[in-house]
Amino acid sequence: MQALIPRAVIVTRPTDYELLLARYGTRAQARFALKDRGQSLDFVDQNHRKIEDAIASVVRGVPSAWRRVRLTRSQLDRFVFEPSDIVLAVGQDGLVANVAKYLTGQPVIGFNPDRGLYEGVLVRNDPADTTKIIEALMSGAISIEERTMVQVTLDDRQMLLALNEIFIGHRSHQSARYRIRVEQQEERQSSSGVIVSTGTGSTGWARSINSQRRSSLALPAAADAVLSLFVREAFPGTGFQATLTEAALHAKDTALITSEMDDSGVIFGDGIEDDSIAFTWGASATISVAAHRLRLVVSASTAILERAA
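Residues numbered from 1 in each chain as written. Predicted model: local features only at pLDDT ≥ 70, side-chain atom pairs only at ≥ 80, totals over all residues. Heavy atoms only, no water.

1. What about the overall build of the chain?
Reasoning step 1: A count of helices and strands for the chain gives 7 helices and 16 strands.
Reasoning step 2: Its C-alpha radius of gyration of 22 Å places the chain within 12% of the 19 Å reference for a compact globule of 309 residues.
Reasoning step 3: Each of the three principal axes of the chain carries a C-alpha extent, and together these read 65 × 55 × 40 Å.
Reasoning step 4: A burial count over the chain gives 48% of its 309 residues as buried.
Reasoning step 5: For the chain, the exposed area adds up to about 15,600 Å²; of that, 48% sits on carbon and sulfur atoms. (Helix = DSSP H or I, 4+ residues; strand = E, 2+ residues; numbered from the N terminus. Rg over C-alpha atoms; globule rule 2.2 N^0.38 Å. Buried < 20%, exposed > 50% of the residue type's maximum accessible area, 1.4 Å probe, protein only. Areas by Shrake-Rupley, 256 points an atom, 1.4 Å probe, with all protein chains shown as cover.)

2. Some remarks on the side chain of Arg7
Reasoning step 1: When you line up the elements, Arg7 lands in strand β1 (residues 7–12).
Reasoning step 2: Assessed through its relative accessible area of 11%, Arg7 is described here as buried.
Reasoning step 3: Within the local environment of Arg7, its side chain forms a polar contact with the side chain of Asp85, the two groups lying 2.8 Å apart.
Reasoning step 4: In this structure Arg7 touches Trp66, Arg67, Arg68, Val69, Phe79, Val80, Phe81, Glu82, Asp85 and Ile86, once residues within four positions along its chain are discounted. (Polar contact = N/O pair within 3.5 Å; in protein donor to acceptor, adjacent residues only side chain to side chain. Contact = heavy atoms within 4.5 Å.)

3. Some thoughts on the nonpolar core
Reasoning step 1: Membership of the largest hydrophobic core comes to 29 residues, with the highest contact counts inside it found for Val196, Leu229, Ile267, Phe279 and Ile287.
Reasoning step 2: In terms of residues, this core owes the most to one element, strand β8 (residues 176–182), which gives 4 residues.
Reasoning step 3: In contact with Ile287, not counting residues within four places along its chain, are Val150, Gln151, Val152, Ile166, Ile168, Val196, Leu227, Leu249, Asp253, Thr254, Ala255 and Ile257.
Reasoning step 4: Counting residues in each nonpolar core, the second largest holds 23 residues, with Val87, Leu95, Leu122 and Leu163 among its members. (Core = buried A, V, L, I, M, F, W, Y, C linked by side-chain atoms within 4.5 Å.)

4. Re the sheet that holds strand β15 (residues 276–278)
Reasoning step 1: The sheet built from 6 strands is open, its strands ordered β12-β11-β10-β7-β14-β15 with antiparallel pairing. The sheet is open, and its two edges are formed by β12 (246–250) and β15, each paired on a single side. With direction set aside, neighbouring strand axes in the sheet form an average angle of 15°.
Reasoning step 2: Both strand β7 (residues 165–170) and strand β10 (residues 194–197) contribute to a ladder of 4 bridges, which runs antiparallel. Within the sheet, the bridge partner assigned to Ile166 lies in β10 and is Val196. (Pairing = 2+ DSSP bridges. Axes fitted to C-alpha atoms, helices over the stretch in contact; angles between N-to-C directions.)

5. Looking at the pattern of salt bridges
Reasoning step 1: Applying the stated criterion across every chain, the model contains 16 salt bridges.
Reasoning step 2: We note a salt bridge from Arg31 to Asp42, for which the minimum N-O separation is 3.5 Å. Of this pair, Arg31 sits in helix α2 (residues 27–36) while Asp42 sits in helix α3 (residues 42–61); the two residues are 11 residues apart in sequence, bridging distant segments of the chain.
Reasoning step 3: Asp77 is the salt-bridge partner of Arg78, the closest N and O atoms lying 3.4 Å from each other.
Reasoning step 4: Through salt bridges with shared partners, a single ionic network connects Arg7, Arg67, Glu82 and Asp85. (Salt bridge = Lys/Arg side-chain N within 4 Å of Asp/Glu carboxyl O.)

6. Notes on the packing of aromatic side chains
Reasoning step 1: By the definition in use, this model includes 3 aromatic pairs.
Reasoning step 2: Seen in terms of ring centroids, Phe167 and Trp205 are 6.0 Å apart; in terms of plane orientation they differ by 10°. Their pairing is stacked. Here the residue Phe167 occupies a position in strand β7, and Trp205 occupies one in helix α6 (residues 205–212), the gap between them amounting to 38 residues.
Reasoning step 3: Judged by relative accessible area, which is 7%, Phe167 ranks as buried.
Reasoning step 4: Taking 5.2 Å as the distance between ring centres and 35° as the angle between the ring planes, the aromatic pair formed by Phe167 and Phe268 counts as tilted. Separated by 101 residues along the polypeptide, Phe167 in strand β7 and Phe268 in strand β14 (residues 265–269) bring together distant segments of the chain. (Phe/Tyr/Trp six-rings, centres within 6.5 Å; stacked < 30°, edge-to-face > 60°.)

7. Some points on α6
Reasoning step 1: When we look at burial in α6, the residues that qualify are Ala206, Ile209 and Asn210. Looking straight down α6, one finds that the buried residues subtend no more than 100° of arc, so they occupy a single side. In α6, those exposed residues whose orientation departs by more than 90 degrees from the buried face are Arg207 and Gln212.
Reasoning step 2: Elements in contact with the buried residues of α6: β10 and β11 (226–231).
Reasoning step 3: Backbone geometry just downstream of α6 places Arg214 in the positive-phi region, at approximately 50°. (Arc of directions from axis to C-beta.)

8. Some points on the packing of helix α1 (residues 16–24) against α3
In a pair of packed helices, the angle between the axes and the distance between the axes together describe the arrangement.
Reasoning step 1: Between α1 and α3, the least distance of the axes is 7 Å, while the angle of their chain directions is 120°. When the axes of α1 and α3 are compared, the pair comes out oblique. Across from Asp16, Tyr17, Glu18 and Leu20 in α1, the residues of α3 making contact are Val44, Asp45, His48 and Glu52. (Parallel < 35°, antiparallel > 145°, perpendicular 65-115°, else oblique.)

9. Some thoughts on the environment of Ser259
Reasoning step 1: Along the chain, the position of Ser259 falls in strand β13 (residues 255–259).
Reasoning step 2: Exposure remark for Ser259: the relative accessible area of 1% places this residue in the buried category.
Reasoning step 3: Along the primary structure Ser259 and His170 are separated by 89 residues, whereas in three dimensions their C-alpha atoms are 10.0 Å apart.
Reasoning step 4: Sequence-distant contacts of Ser259, defined by excluding residues within four places in its chain, comprise Arg177, Tyr178, Phe279, Thr280, Trp281, Gly282 and Ala283.

Now the structure itself:
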């Protein structure tokens with residue numbers, strides 16, 4: 001049987017310039033709206049061009065014989081990935097998190113279009129090196145970093161995966177009410193919600209919480225099969241407790257949260273509120289280390305890239 005031709009899946013997200021055009025209809029209208037607010041279109045226009053140049057460079061770097069498809073972030077939930085796909089994420093770090101939950105082991109190569117704009121923790125590679133990196137990946141000459149993900153499973157079998165963290169709480173600024181159990185400790189709580197973070201997410205939201213409360217809970221590394229659970233602003237009022245406010249969840253540990261919220265209870269991952277699960281009164285959510293891991297292609301060494309050239 002003839003081997004299937006490899007497929008490159010190029011994932012992007014709309015630039016600020018494209019979002020402005022979608023809002024105002026034309027470039028002239030967008031420029032006028034920004035000028036009326038004392039701002040300039042030039043900055044977003046320049047960034048747009050840098051990102052488009054990076055995408056074009058990545059597309060050119062894909063072997064000509066390969067199949068290829070380009071997706072935006074909003075199309076991910078409707079796309080069927082093949083087991084042999086190579087995912088090329090071009091943009092900011094969050095784009096890798098957006099695509100991670102839809103994968104089942106496909107390697108991801110993150111490309112940074114502008115190191116002056118994006119930190120590049122997950123998008124470490126230069127678009128100009130696309131061909132060399134793909135060749136190194138296919139020959140096994142490049143390392144792959146496996147990163148832990150967090151999984152939420154509801155009692156109705158709905159499931160959500162996230163690379164950075166999941167949030168459980170009220171969709172507005174009202175208090176979230178629920179019961180939480182970790183190991184043998186259980187409490188009824190009213191809080192600003194619960195965050196469960198991976199090691200990848202420990203550089204963001206979890207780090208902020210951990211630092212602000214001067215917690216002694218050690219945050220895990222990206223590859224560690226450990227999650228950090230934080231309850232935000234637990235209120236010790238009548239009928240509510242506030243002592244179970246943080247915990248480490250190891251590979252076989254789980255946390256169980258049962259909602260006491262109305263239709264405004266919600267669960268979402270990696271800050272994507274549009275892709276959420278309703279968490280209404282009586283529903284239960286089990287949080288654990290996910291079986292799936294993100295397989296992130298790390299930057300190739302200069303020696304490897306030179307050999308591939």
